[in-house]
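Observations on the model geometry
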Amino acid sequence: MKRSKKYTEALSKIEKTKVYSKEEAVKLVKETSISSFDGSVDVAIRLNLDTKKADQQLRGAIVLPKGTGKTAKVLVIAKGPKATEAKEAGADYVGDTDMLDKIEKENWFDFDTIIATPDMMPALGKLGKVLGPKGLMPNPKTGTVTMDVKKAVEDVKSGKVEYRTDSFGIIHSIIGKVSFSEEDLLANLNAFVSTILKIKPASVKGDYVKSISISSTMGPGIKVENNFDK
């Protein structure tokens, strides 16, 4: 695979076999960004999990202390007082079956997150085949099926990211933008990895974390030491 000159230059700044301290890694991820726009900084955590076991399929959400650098568009599916609560909390779109019809009939997806009250889930379930593959189906584990609509909207707006293990036991997430300060990226990285460490399934044998790496959009991966519990 032929790499661009920019990528090759960025790669030359990273020692392939070295595992960097989190402080060094955050500094390097900014230096090795090659996109012409303000790219995202992502983390990938490879875990020692058997994802065929239900208790080892991790899923949840965390509000990053320094946000994501992006303001998410929120759609709330709710009725009555909860719909009013959603509007007051700053949701971009609020409705019930009218919004679901819009998604189904107009192929409308001008939002990043759906929050729903539990009573609306049967109606939402009918769109599972459309919303599921896009990762948009609300879920109690990520706090997007809730009666506390106000908090859910505020969390998403202030930088909540969802996570789940893929079939290889890897968790991916954004932890900010290249333009973030090293301190802010480090705060988000610490918060995210610490959350994953806390939810280690009791049935996991041996080392829980196999590797941690961070990268910028289109940039090379940088291996990070696992000393987040220190």
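Residues numbered from 1 in each chain as written. Predicted model: local features only at pLDDT ≥ 70, side-chain atom pairs only at ≥ 80, totals over all residues. Heavy atoms only, no water.

**Describing the nonpolar core**
- In terms of nonpolar packing, the biggest core is built from 34 residues, with Ile45, Leu47, Phe192 and Ile214 touching the most fellow members.
- The element best represented in this core is helix α8 (residues 182-198), accounting for 6 residues.
- Setting aside its immediate chain neighbours within four residues, Ile45 contacts Gly169, Ile170, Ile171, Phe192, Val193, Ile196, Val209, Ser211 and Ile212. (Core = buried A, V, L, I, M, F, W, Y, C linked by side-chain atoms within 4.5 Å. Buried < 20%, exposed > 50% of the residue type's maximum accessible area, 1.4 Å probe, protein only. Helix = DSSP H or I, 4+ residues; strand = E, 2+ residues; numbered from the N terminus. Contact = heavy atoms within 4.5 Å.)

**Some thoughts on the sheet that holds strand β7 (residues 170-177)**
- With antiparallel pairing, 4 strands are arranged side by side in an open sheet as β7-β1-β8-β9. If you trace the sheet from one side to the other, it starts and ends with β7 and β9 (222-224), each paired once. When the angles between neighbouring strand axes are averaged without regard to direction, this sheet yields 25°.
- Summarising the sheet, strand β1 (residues 40-47) and β7 pair through 7 bridges and their orientation is antiparallel. Within β7, the residue paired with Ala44 across the bridge is His172.
- Across the sheet, α8 is in contact with β1, β7 and β8 (209-216); its angle to β7 comes to roughly 160°. (Pairing = 2+ DSSP bridges. Axes fitted to C-alpha atoms, helices over the stretch in contact; angles between N-to-C directions.)

**Digging into the packing of aromatic side chains**
- For the coordinates displayed, the defined rule picks out 4 aromatic pairs.
- Between Tyr93 and Trp108, the ring centres sit 4.9 Å apart and the planes meet at 85°, which makes this aromatic pair edge-to-face. You can see Tyr93 sitting in strand β4 (residues 93-95) and its partner Trp108 sitting in the loop between α4 (97-106) and β5 (113-116), a full 15 residues away along the chain.
- Between the aromatic rings of Trp108 and Phe111, the centroid separation amounts to 5.1 Å while the plane-to-plane angle is 55°, which identifies the pairing as tilted.
- Owing to a relative accessible area of 12%, Trp108 belongs among the buried residues under this scheme.
- Ring pairs connect the aromatic residues Tyr93, Trp108, Phe109 and Phe111, which therefore count as one cluster.
- For the cation-ring pair, Lys22 lies above Phe228, with the distance from its terminal atom to the ring centre recorded as 4.6 Å. (Phe/Tyr/Trp six-rings, centres within 6.5 Å; stacked < 30°, edge-to-face > 60°. Lys NZ or Arg CZ within 6 Å of the ring centre and 35° of its normal.)

So yeah, pure geometry; function would need other evidence.
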